[in-house]
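Residues per chain, in single letters:
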Amino acid sequence: MGNRREFLKKGFIGGLGIVALNPLLAKGGKVRTISYRELNKLSMNNDWESIRTEFLYEQENSYLNTASLGLSPKLVVQTINESIVDLEKKGRDGRWLFKDCRAKLAKLVNASEEEIAITRNATEGMNIVARSLKLKEGDEILLSKHEHIGGSAPWLALQKEIGVKIKVIDLDLSGLKNLQLIKDAVSEKTKVISLSHLLCTTGMVLPAKEIAAFCREKKIYSCLDGAQALGCIPTDLKEINPDFYIASGHKWLFGPKGTGMLYINSSVIDECKPTFVGAYTDSDFDLLNQQMEYRTVAEREEYGTRNASIVKGMEASIDFIQAIGIEKIKKRGMELSNYLREALNEINSIEILSPSAEEYASPILTFRFKGSPNAEIVSLLRSNNNLVIRHIYEGGLDAIRISNAIYNSEKDLDRLINAVKSI
Ligand SMILES: Cc1ncc(COP(=O)(O)O)c(C=O)c1O
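The numbers attached to residues start from 1 for each chain and follow its sequence in the written order. Where local features are concerned, this predicted model is filtered to residues with pLDDT of at least 70; where side-chain atom pairs are given and counted, the filter is 80 or more; whole-chain, interface and lining totals use all residues. By convention in this description, side-chain values take in all heavy atoms of the structure and omit both hydrogens and water.

### Here we look at the overall build of the protein
Now for step 1: What counts as a helix is a DSSP run of H or I of at least four residues, what counts as a strand is a run of E of at least two, and both are numbered from the N terminus. Helix and strand counts for the protein come out as 14 helices and 15 strands.
Now for step 2: Here the radius of gyration uses the C-alpha set of atoms, whereas the globule reference equals 2.2 Å times the residue count to the power 0.38. For 423 residues, the compact-globule estimate of 2.2 N^0.38 gives 22 Å, and the C-alpha radius of gyration of the protein, at 22 Å, lies within 12% of that figure.
Now for step 3: We call two residues contacting when some pair of their heavy atoms lies within 4.5 Å. Once local pairs closer than 6 in sequence are excluded, the contacts in the protein between residues at least 24 apart make up 70%.
Now for step 4: Only carbon and sulfur atoms are counted for the fraction: they give 51% of the accessible area of the protein, which is about 18,500 Å².
Now for step 5: In this tally Asp and Glu are treated as negative and Lys and Arg as positive; neither His nor the chain ends contributes. In this description, the location of a charge corresponds to atom NZ of lysine, CZ of arginine, CG of aspartate or CD of glutamate. Seen as two clouds, the 56 positive and the 55 negative side-chain charges of the protein have centres 4 Å apart. Here the Shrake-Rupley method, with its probe set to 1.4 Å, supplies the accessible areas, and only the displayed protein chains count as covering residues.

Here it is as structure tokens:
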């Protein structure tokens, strides 16, 4: 609270200073907000303490779990609130808001608007990809053992339903040998390689561009799960050039809960069938003559009436992130991650699983107590020390994951380090 008061004193908040009971509203019911210019200024000055006050979170707990669920800035929550009221006043569905958000997403990931669909979450995107490809029994899908349930269950479901074969490979935790491991695992039957861009387990970054290029050369579809990458590290889809890329809006993008992104490379959309069809799918629909043609844009998966206000909120979250700058966000996350790494390196009973090489490292740091039940330790740390952290069971790792976002500070990490030392 002290910081927030300091912040208000400095006059950074658009000339409104007095905060009423509702933390989003200033006196008189006017929305209290920070401008993107001011936000940019704060980030230029590395004033992370002030940026932290732009988030609503006010628990005693240190929130180190952005990889599960990101916090949204006040600005995003305000935008959603205002949009709900506005649309209700107008009696409109707000469909036009999708176009604006899609354009911002396209810019953020360097893709064309036609290649972007707004989904409800990353899992929905992965289900769409799995079901839009014309796969058959015996086709092989390559996954890694580090994939999240949302990124892997849609493929396992296809195995149950049509008999595709799932091949699960292990990865090299240092990051160095992964491209070769992937290359060695394919066969003539491999039709899809579906891997995380940034692993939810250890935070390791995979060589996305090289994987996509290899797939293109072998005529294999490449699908990257960017649930952990979007907003966390710079993501340039023109450069990576995958066939499909899916992501969440409610993690590192700090967007509203229930938002996601699906990218379908325009070079493959003709080879896909739409998974869901409805309003926005067709280029020509005539029930009486039983006629329907599909559009060849990713938007065709945005069927039916949706919650446009959270899409407006997602647009605000992109503006928020862009005002600070993704490079800057990654740099801050790495600073925190390295601070934690240094401290944990001093503790003999701890093993760090996240890669140390800059090329493969991210703001996520995962570690475990050697030979101890880490799931229980996570419960202890959560309940006794006010730490919001996540146990990693995926891939049988039994480890502890720490997410370092811009609203975290060295103070959060000191609390974690002291708690870890006391165990
Ligand atoms: C790599 C990965 N893929 C998919 C998901 C699922 O995300 P969502 O809840 O947006 O569907 C997660 C969530 O943690 C994840 O880490």
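### Considerations on the nonpolar core
Now for step 1: The criterion is simple. A nonpolar core is a set of buried Ala, Val, Leu, Ile, Met, Phe, Trp, Tyr and Cys residues joined through side-chain atoms within 4.5 Å. Burial here depends on accessible area, computed with a 1.4 Å probe over protein chains only, as a share of the maximum for the residue type. Under 20% is buried, over 50% is exposed, and the range in between is partly exposed. Core analysis: the biggest nonpolar cluster contains 57 residues, and Leu-105, Met-261 and Ile-406 have the highest contact counts within it.
Now for step 2: Per element, the largest residue contribution to this core is 10 residues, and it comes from helix 11 (residues 308-324).
Now for step 3: What Ile-406 contacts, discounting residues up to four positions off in sequence, is Trp-48, Ile-51, Phe-55, Phe-254, Phe-320, Ile-324, Ile-329 and Arg-332.
Now for step 4: Counting residues in each nonpolar core, the second largest holds 26 residues, with Leu-135, Ile-166, Cys-223 and Val-268 among its members.

### Details of the sheet that holds strand 8 (residues 260-264)
Now for step 1: DSSP-based pairing: two strands are paired if at least 2 bridges between them are found. Strand order across the open sheet formed by 7 strands is 2-8-7-6-5-3-4, with mixed pairing between neighbours. Every other strand in the sheet has two partners, leaving strand 2 (116-119) and strand 4 (165-169) as the edge strands with one partner each. Taken over all neighbouring pairs, the strand axes of this sheet differ in orientation by 20° on average, direction set aside.
Now for step 2: As defined by bridge partners, strand 6 (residues 221-225) adjoins strand 7 (residues 244-248) across 3 bridges and the pair is classed as parallel. Opposite Leu-224, over in strand 7, you have Tyr-245 as the bridge partner. Convention adopted: a line fitted to C-alpha atoms gives each axis, helices being fitted over their contacting stretch, and angles between N-to-C directions are expressed from 0 to 180 degrees.

### Some thoughts on the site of the ligand
Now for step 1: In this text, near means that some heavy atom of the residue lies within 4 Å of the molecule or strand in question. Near the ligand, the surroundings consist of 13 residues, among which Thr-123, Asp-225, Gln-228, Ser-248 and Lys-251 are the closest.
Now for step 2: Between N or O atoms, a polar contact is any pair within 3.5 Å; within protein, one atom must be a potential hydrogen donor and the other a potential acceptor, and residues adjacent in sequence are included only when both atoms are from side chains. Side-chain polar atom of Asp-225 to a nitrogen atom of the ligand: 2.6 Å apart, as the coordinates give it.
Now for step 3: His-250 places a polar side-chain atom, nitrogen or oxygen, 2.8 Å from an oxygen atom of the ligand.
Now for step 4: If the ligand stood free it would expose 400 Å²; the protein chains cover 89% of that surface.
Now for step 5: For this classification, Asp, Glu, Lys and Arg are treated as charged, while Ala, Val, Leu, Ile, Met, Phe, Trp, Tyr, Cys and Pro are nonpolar and the rest, including Gly, are polar. For the shell around the ligand, the per-class residue count stands at 4 nonpolar, 7 polar and 2 charged.

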